[in-house]
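# Structural features, examined
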Amino acid sequence: MGTRDVILDAAAEVMAERGLANVTTRQIARAAGFTEAALYKHFPSKADLMVAVMRERSPDFSPLAGALRGGGSLADALTAVARAAIELYRAGFPMFASVFADPATLTTHKEELRQEGAGPHKPNEALAAYLRAEQAAGRVRAGADVRAAAGLLLGACFQHAFLEHMSEAGFRDDEEAAASFVRTLLDTLTPTPPPCPPPSA
């Protein structure tokens, strides 16, 4: 592993433990086993280092995207998405939250995401696109607001991860939470079956 990767790993660990507002380059250098001068050979400033940590050490969305490609029934696919989203938000929450403590780092990070066409809205867009395809296939009710449905499911997963960090969550485990969120959402998304014809006389 190269020096840059060691520094990024150490910075991510210190950042998760102390929060971005309380992290110093001296602490990161000590955790990495290098001098502060070594840090500045790879990163011009603390803000550049923190943005690199956010970009390269944040949990990525690939498990969630993989869940959307998994096939199976609508309920199974959405439950897999919910499980992946809960895990993503749980793992990333300390880092996501701490970046808001430093406005300069947040601004730089947002600009990089904008230039790369990336950002936390991408899972919502991918899930909405999946639901739109299911809608075209007749498995999601015509007229259902798929963007709102994607936001509701991922928002519930985000809150579940947040509550686990802050207090006792409302569900026994992730599996129960994911299944419950999906069951509730499907009540509004599943097409209503046509009424049974009256019995013939």
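Residues numbered from 1 in each chain as written. Predicted model: local features only at pLDDT ≥ 70, side-chain atom pairs only at ≥ 80, totals over all residues. Heavy atoms only, no water.

Glancing now at the overall build of the protein chain. A count of helices and strands for the protein chain gives ten helices and zero strands. Along the chain direction, N to C, the helices and strands of the protein chain fall in the order α-α-α-α-α-α-α-α-α-α. For 201 residues, the compact-globule formula gives about 17 Å, and the C-alpha radius of gyration of the protein chain, at 21 Å, lies well above that figure. Summarising its shape, the C-alpha atoms of the protein chain cover approximately 90 × 35 × 30 Å along the three principal directions. (Helix = DSSP H or I, 4+ residues; strand = E, 2+ residues; numbered from the N terminus. Rg over C-alpha atoms; globule rule 2.2 N^0.38 Å.)

At a closest axis distance of 9 Å, the pairing of helix α6 (residues 74–99) and helix α10 (residues 174–189) adopts a crossing angle of 130°. What the angle tells us is that α6 and α10 run oblique. As α6 packs across α10, the resulting crossing turns out to be right-handed. Residues Leu74, Ala75, Leu78, Thr79, Ala82, Arg83, Ile86, Glu87 and Arg90 of α6 form the contact with α10, whose own contacting residues are Asp174, Glu175, Ala177, Ala178, Ala179, Phe181, Val182 and Leu186. In terms of residue class, the contact of α6 with α10 is built from eleven nonpolar, one polar and five charged. (Axes fitted to C-alpha atoms, helices over the stretch in contact; angles between N-to-C directions. Parallel < 35°, antiparallel > 145°, perpendicular 65-115°, else oblique. Left-handed = near helix turned anticlockwise from the far one by under 90°. Contact = heavy atoms within 4.5 Å. Nonpolar A, V, L, I, M, F, W, Y, C, P; charged D, E, K, R; others polar.)

So, on to the packing of helix α8 (residues 122–136) against helix α9 (residues 146–166). For the pair α8 and α9, interaxial distance at closest approach is 8 Å and the crossing angle is 130°. On the basis of their axis angle, the class for α8 and α9 is oblique. Where α8 crosses over α9, the two elements pack in a sense that is right-handed. Here Pro123, Asn124, Leu127, Ala128, Leu131, Arg132 and Gln135 of α8 lie close against α9, whose contacting residues are Val146, Arg147, Ala149, Ala150, Gly151, Leu153 and Leu154. Its residues placed into classes, the contact of α8 with α9 shows nine nonpolar, three polar and two charged.

Right, let's talk about the packing of aromatic side chains for a bit. In this structure the tally under the stated criterion is one aromatic pair. When the ring of Tyr89 is compared with that of Phe158, the centres are 5.2 Å apart and the planes differ by 75°; the resulting orientation is edge-to-face. Remark: Phe158 occurs in helix α9 and Tyr89 occurs in helix α6; sequence separation between them is 69 residues. With relative accessibility at 9%, the residue Tyr89 sits in the buried group. (Phe/Tyr/Trp six-rings, centres within 6.5 Å; stacked < 30°, edge-to-face > 60°. Buried < 20%, exposed > 50% of the residue type's maximum accessible area, 1.4 Å probe, protein only.)

A few words on the pattern of salt bridges. All chains considered together, the criterion is met by seven salt bridges. Between Glu134 and Arg139 there is a salt bridge; the shortest N-O distance is 2.7 Å. Taking relative accessible area as the criterion, Glu134 reaches 10% and is therefore assigned buried. The network of salt bridges with common partners includes Glu87, Arg90, Glu164 and Asp174. (Salt bridge = Lys/Arg side-chain N within 4 Å of Asp/Glu carboxyl O.)

Let us look at helix α4 (residues 46–57). For α4, which comprises twelve residues, the first-to-last C-alpha distance of 16 Å matches the rise-based estimate of 16 Å (1.5 Å per residue) to within 8%. Among the residues making up α4, those that are buried are Leu49, Met50, Val51, Ala52, Val53 and Met54. Of the surrounding secondary structure, the elements contacted by the buried residues of α4 are α1 (3–18), α2 (25–32), α3 (36–42), α6 and α7 (103–116). (Expected span 1.5 Å × (residues − 1).)

Ranked by size, the top nonpolar core spans 35 residues in total, and within it Leu78, Val81, Leu127, Tyr130, Leu131, Leu153 and Cys157 carry the most contacts. It is α6 that provides the largest number of residues to this core, a total of eleven residues. Excluding residues that lie within four positions of it along the chain, Leu78 makes contacts with Leu127, Tyr130, Leu131, Leu153, Val182 and Leu186. Counting 21 residues, the second largest nonpolar core, distinct from the first, contains Ala10, Val23, Leu49 and Met50. (Core = buried A, V, L, I, M, F, W, Y, C linked by side-chain atoms within 4.5 Å.)

Moving on: the side chain of Asp174. Tracing the backbone shows Asp174 in helix α10. Polar side-chain contacts of Asp174 include one of 3.2 Å to the side chain of His160. The residues touching Asp174, leaving out its near neighbours within four places in the chain, are Ile86, Glu87, Arg90, His160 and Glu164. (Polar contact = N/O pair within 3.5 Å; in protein donor to acceptor, adjacent residues only side chain to side chain.)

Spatial relationships are all this shows, so hold off on functional conclusions.
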